Amino acid sequence: MSDYWLERGDYLNFEYLTIGYNVPLKSRVVRSLRVSFGRIPILESSTQKTADIRQSNCSDVFKYIVNELQAVAPLLPNEHSNLQGNYYGRVTRPVAWFLLAKLALNAEVYTDDNWTDSYRTDGKTIMFDVDGTQKNAWLTCIHYCNLIASAGYSLENDYTKIFAVHNENSNENIFTIPLDKMLYLDEFHYLFRSRHYAHGGAYGEASENGTCATLHTMAVYGYNTSSPDTRLDMNFYTGKVEVDGSYVTLGDGTPLKYKPLAVGQNLTASQYIETTGARMKKNEVDDSLPYFND
């Protein structure tokens, strides 16, 4: 789709939505965000025939994306995408910077053309051309992080503020999805897909009872240990669920209780088939009616 918009000119208007100027520049950043890394084809035309498409090496994809972002960044407005106004939800220069920092930080993985040989190039030897100066991956990451900091971004002291309903003025959020039930009638579907049916029903909306956390994720967060990550309860529902001060109940009247360690590949015979796994929580729910995944 990014290639499609790149071929459509500098300014596009829909009936109710103005995409804005510099559509090709923004599309190049979005394309870089979506593909990031891997053995994928490098396509620059929406009309290229399938028979002519070839996979590219991870290192070639990585170099292509870095070059794209470095070329586009100086041409983008140096504005905060998370703040409401003309640039709200749009691609701006700090968005390109954070992608470049992420690429540099993960360069050892993203440039690995053979991930089965137990060898990975040291980031100290992976070089980037940064404004005419050669820097290794770690110094490149620091460079772009410093640019982000100079633009006024910083880590929030309160982790939950990043995911609050009204997080438009967050100092940490760089590129956000505009979700506002008054301005942008959209929904964050990952929450919708994760909650149990009764859980979603308690908010007055449907849910799919699907996505749950893996056992590895729970291990990383230290679930069921003496020293769990302090963010565990902020990010996941791991047991009984309260909505508006009352426990959510199942059809038989018993409380809904998620089972983080009951995850398995085949749950057909499991008594926890509908409640297995920790569920997504970190995004604050807008409790002003109607409920909405802001």
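Refer to the structure printed above.
Residues numbered from 1 in each chain as written. Predicted model: local features only at pLDDT ≥ 70, side-chain atom pairs only at ≥ 80, totals over all residues. Heavy atoms only, no water.

Asker: Outline the overall build of the protein chain, supporting the account with residue identities and numerical values.
Answerer: The secondary structure content of the protein chain amounts to ten helices and eight strands. Burial analysis of the protein chain (294 residues in total) assigns 39% to the buried set. Put simply, 53% of the contacts in the protein chain that link residues at least 6 apart link residues at least 24 apart. Accessible surface computed for the protein chain: about 17,100 Å², of which carbon and sulfur atoms make up 51%. (Helix = DSSP H or I, 4+ residues; strand = E, 2+ residues; numbered from the N terminus. Buried < 20%, exposed > 50% of the residue type's maximum accessible area, 1.4 Å probe, protein only. Contact = heavy atoms within 4.5 Å. Areas by Shrake-Rupley, 256 points an atom, 1.4 Å probe, with all protein chains shown as cover.)

Asker: Account for the packing of helix α3 (residues 58-72) against helix α4 (residues 93-105), naming residues and giving values.
Answerer: The contact between α3 and α4 brings their axes to 10 Å, and the two run at 150°. Put simply, α3 runs roughly antiparallel to α4. The crossing of α3 and α4 is left-handed. Residue-level inspection shows F62, I65, V66, L69 and Q70 of α3 in contact with α4, the latter providing A96, L99, L100 and L103. Here the residues of the contact of α3 with α4 are counted per class, giving eight nonpolar, one polar and no charged. (Axes fitted to C-alpha atoms, helices over the stretch in contact; angles between N-to-C directions. Parallel < 35°, antiparallel > 145°, perpendicular 65-115°, else oblique. Left-handed = near helix turned anticlockwise from the far one by under 90°. Nonpolar A, V, L, I, M, F, W, Y, C, P; charged D, E, K, R; others polar.)

Asker: So what's going on with the nonpolar core? Residues and values would help.
Answerer: If you look at the biggest cluster of nonpolar residues, it comprises 29 residues, and the most contacted ones within it are F62, L69, L103 and F128. Tallying contributions element by element places α4 first for this core, with eight residues. When sequence neighbours within four positions are dropped, the list of residues in contact with F62 reads L103, A107, Y110, T111 and F128. Membership of the second largest hydrophobic core comes to eight residues, among which are Y203, V243, V248 and Y258. (Core = buried A, V, L, I, M, F, W, Y, C linked by side-chain atoms within 4.5 Å.)

Asker: Quick one: what's the story with the packing of aromatic side chains, residue by residue and with numbers?
Answerer: Applying the stated criterion to the full structure yields five aromatic pairs. Each ring, one from Y221 and one from F236, has its centre 5.1 Å from the other, and the planes form 85°; the classification is edge-to-face. One end of the pair, Y221, is in the loop between α9 (215-220) and α10 (232-235); the other, F236, is in strand β5 (residues 236-237), with 15 residues separating them in the sequence. According to the relative accessible area criterion, F236 is buried, its value standing at 12%. Among the aromatic side chains, those forming a connected cluster through ring pairs are F62, Y110 and F128. Across the ring face of Y159, the terminal group of R231 is positioned such that the distance to the ring centre comes to 5.9 Å. For K240, the ring lying beneath its charged end belongs to Y247, and the centroid distance is 5.3 Å. (Phe/Tyr/Trp six-rings, centres within 6.5 Å; stacked < 30°, edge-to-face > 60°. Lys NZ or Arg CZ within 6 Å of the ring centre and 35° of its normal.)

Asker: Give me the lowdown on α3, citing residues and values where you can.
Answerer: In a regular helix each residue adds 1.5 Å, so 15 residues correspond to 21 Å; α3 covers 21 Å between its end C-alpha atoms and thus fits that length. Residues of α3 that are buried include every one of C58, S59, V61, F62, Y64, I65, V66, E68, L69 and V72, and no others. (Expected span 1.5 Å × (residues − 1).)

Asker: Now, about the pattern of salt bridges: what can you tell me, with residues and values included?
Answerer: Counted according to the given criterion, the structure contains three salt bridges. Among the ionic pairs, R195 bridges to E205, the shortest N-O distance being 3.0 Å. Pair noted here: R195 is in the loop between α7 (189-194) and α8 (197-202) and E205 is in the loop between α8 and α9, with a separation of ten residues, a long-range link. No difference in accessibility class separates R195 from E205, as the two residues are buried. A salt bridge links R231 to D229; the shortest N-O distance between them is 2.9 Å. A residue is classified by how much of its surface remains accessible, and R231, at 35% relative accessible area, is partly exposed. Using a relative accessible area of 24% as the deciding quantity, one classes D229 as partly exposed. (Salt bridge = Lys/Arg side-chain N within 4 Å of Asp/Glu carboxyl O.)

Asker: Quick rundown of the packing of α4 against helix α6 (residues 137-150)? Include the residues and the values.
Answerer: How two helices sit against one another is set out by the angle between their axes and by the gap between those axes. The interhelical angle for the contact between α4 and α6, taken along N-to-C directions, is 155°, at an axis separation of 8 Å. Compared by their axis directions, α4 and α6 come out roughly antiparallel. The two elements α4 and α6 meet at a crossing, and its hand is left-handed. Across the interface between the two elements, P94, W97, F98, L100, A101, A104 and L105 from α4 touch A137, W138, T140, C141, Y144, C145, L147 and I148 from α6. Its residues placed into classes, the contact of α4 with α6 shows 14 nonpolar, one polar and no charged.

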